[in-house]
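Working through the structure, step by step
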Amino acid sequence: MKTYLLLTLTAWSFTFAACSQNQKPTSTNMNNTTMNKSDDEWKKQLTPEQFNVLRLKGTEKPFTGKFEDHWDSGTYVCAACGNELFNSNAKFDAGCGWPSFYEALDKTKVIEKQDFAHGMVRTEIVCAKCGGHLGHVFDDGPKPTGMRYCINSVSLDFKKKDSSSIKK
Ligand code: FE
């Protein structure tokens, strides 16, 4: 009886350990983000508008963002963590009121998430490094990809081709 109990307990322990290992968060199921700041830390770093969009998934008013009508050559980076996100070559005038790109700089730079908010089914785009909300992607963009990454200006900063950054 003792042996049976011991064997049962041993088997249970192994099963539990295996399950625990499977449930352990990995770098890909936690948004693949490498930053883990608290809301208070983000509030200290970001402006109230940036916090509202990047951390609370807000949306800036259309045609109000600093990059909606901005056509310099360079790289758009995450305003929260500096992750390089979009090249100016992929920016186009979608007429929707937000900066729009037909592709991300690299597929590893952003993460797509299903978004069911506001009674719609959309694909949210978040920064792969900090998890900050950037905007949404739609399949009504121009060639060559047919995609439209519709991004809040407030979630972005810009590095000109000569590497200098514009003032926020
Ligand atoms: Fe970021």
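This text goes with the structure placed above it.
Residues numbered from 1 in each chain as written. Predicted model: local features only at pLDDT ≥ 70, side-chain atom pairs only at ≥ 80, totals over all residues.

Thoughts on the pairing of strand β6 (residues 122-127)
Regular strands show a simple pattern: their side chains alternate between the two faces of the sheet. Note the following rule: When DSSP locates at least two bridges between a pair of strands, those strands are taken to pair. Going along the chain from the N terminus, every DSSP run of H or I of four or more residues is numbered as a helix, and every run of E of two or more is numbered as a strand.
Taken together, the 6 bridges between strand β5 (residues 110-115) and β6 define a ladder with antiparallel strand orientation. Note that in β6 the partner of Q114 across the bridge is T123. Between the antiparallel neighbours β5 and β6 lie 6 residues, among them H118 with a positive phi of about 60 degrees. One ladder, built from 4 bridges, connects β6 with strand β7 (residues 133-138); its direction is antiparallel. Pairing of V126 across the sheet is with H133, part of β7. Two successive antiparallel strands, β6 and β7, enclose a turn made up of 5 residues, where G131 displays a positive phi of approximately 80 degrees.

Re helix α3 (residues 48-55)
What counts is decided by this rule: Counts of 20 or more other C-beta atoms within 10 Å of a residue's own C-beta define buried residues, counts of 12 or fewer define exposed ones, and intermediate counts define partly exposed ones; C-beta atoms are placed from the backbone. Throughout, the arc means that of the directions going from the helix axis to the C-beta atoms. Residues are scored as being in contact if the C-beta atoms we place from backbone atoms lie within 7 Å.
Among the residues of α3, those classed as buried are Q50, V53 and L54. Angularly, the buried residues of α3 cover 90 degrees about the axis, an arc narrow enough to put them on a single face. Among the structural elements, β7 are those in contact with the buried residues of α3. After α3 finishes, the residue K57 shows a positive phi value of roughly 60 degrees.

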